[in-house]
Amino acid sequence: MGISVRGYETDSQGHLNQSVYLQYAEHARWSALRAAGIEQRDLIGKGVGPVALENTVRYRSELRAGDEVEVTCQFVWGERKTFRIEQTVVRADGQVAATVSALGGLLDLKERRMVAEPKEYFRALASDPRVLGL
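To start, this report covers the structure provided alongside it.

About the cut-offs
Residues numbered from 1 in each chain as written. Predicted model: local features only at pLDDT ≥ 70, side-chain atom pairs only at ≥ 80, totals over all residues. Heavy atoms only, no water. Helix = DSSP H or I, 4+ residues; strand = E, 2+ residues; numbered from the N terminus. Rg over C-alpha atoms; globule rule 2.2 N^0.38 Å. Buried < 20%, exposed > 50% of the residue type's maximum accessible area, 1.4 Å probe, protein only. Areas by Shrake-Rupley, 256 points an atom, 1.4 Å probe, with all protein chains shown as cover. Lys, Arg positive; Asp, Glu negative; His and termini not counted. Charge placed at Lys NZ, Arg CZ, Asp CG, Glu CD. Expected span 1.5 Å × (residues − 1). Pairing = 2+ DSSP bridges. 1 Å grid on protein atoms, 1.4 Å probe; cavity = no way out; pocket = protein on both sides within 12 Å on 5 of 7 lines; lining within 4 Å. Points joined across faces, edges and corners; volume = space filled by probe spheres on them. Nonpolar A, V, L, I, M, F, W, Y, C, P; charged D, E, K, R; others polar. Polar contact = N/O pair within 3.5 Å; in protein donor to acceptor, adjacent residues only side chain to side chain.

## Regarding the overall build of the protein
Looking only at helices and strands, the protein features three helices and seven strands. Listing every helix and strand of the protein by position from the N terminus yields β-α-α-β-β-β-β-β-β-α. On C-alpha atoms alone, the protein measures out to a radius of gyration of 16 Å, which is about the 14 Å that the 2.2 N^0.38 rule sets for 134 residues. Along the first, second and third principal axes, the C-alpha set of the protein runs to 45 × 25 × 25 Å. Scored against the burial criterion, the 134 residues of the protein give a buried share of 34%. As displayed, the protein has an accessible area near 7,600 Å², and 46% of this comes from carbon and sulfur atoms. When the 18 basic and 18 acidic side-chain charges of the protein are each reduced to a single mean position, those positions are 5 Å apart.

So this is what it looks like as structure tokens:
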């Protein structure tokens, strides 16, 4: 997913504010779900919602206003209640600007507990589960 760094997203030193990397990562995650055929309303209709349990950002090279980046998104499915999402923010010149590693799960919205097999919910809802590595 391509993104253009906007001036208002930069900090006083002229580079992309640290919190915006997480916004880019989140945007790419939802874009991947949509590419797989899953909308937010589909998850809510099944009574579940994705939750972020942990995010680790590793900053590799700075981004400035006007830079074009591509944000990758790879789901890594575990055998239990959680899954990982590995992402890379890559500048147009091919240089890696950052990596984001996220630990997530699916919350049962009624019970307020994590579901046992999140990948099965995603597989059932997706029109193209391959996009999610399923």
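Having seen it, we continue.
## Remarks on helix H1 (residues 18-35)
Look at H1: 27 Å from first C-alpha to last across 18 residues, which is about the 26 Å you get at 1.5 Å a residue. When H1 is considered as a whole, its buried residues turn out to be Val20, Tyr21, Tyr24, Ala25, Ala28, Arg29, Trp30, Ser31, Ala32 and Leu33. Phi turns positive, to about 95°, at Gly37, one or two residues after H1.

## Re the pairing of strand E4 (residues 74-77)
Residues Phe75 and Trp77 point to one face of E4 and are all buried, whereas Gln74 and Val76, pointing to the other face, are not buried. Alignment of E4 against strand E5 (residues 82-91), held across four bridges, turns out to be antiparallel. If you follow Val76 over to E5, its bridge partner there is Arg84.

## Digging into the layout of surface pockets
Taken as a whole, the largest pocket holds about 200 Å³ of empty space. Lining the largest pocket are 16 residues, and of these Glu26, Arg29, Pro50, Val51 and Ile85 lie nearest its centre. Secondary structure elements with two or more residues in the lining of the largest pocket: H1, strand E2 (48-59), E5 and strand E6 (96-108). Considering every element that reaches the lining of the largest pocket, the biggest residue donor is E2, with five residues. Partitioning the lining of the largest pocket into residue classes produces 11 nonpolar, two polar and three charged.

## Quick look at unusual backbone geometry
You will see that Arg112, though not glycine, has its phi angle at about 60°, which is positive. Here Arg112 shows up in the loop between E6 and strand E7 (113-114). A relative accessible area of 55% places Arg112 in the exposed class.

## A short note on the side chain of Ser61
Of note, Ser61 is situated in the loop between E2 and strand E3 (68-71). The class for Ser61 is buried, based on a relative accessible area of 14%. Within the structure, Ser61 has its side chain in polar contact with the backbone oxygen of Val96 (distance 3.1 Å).

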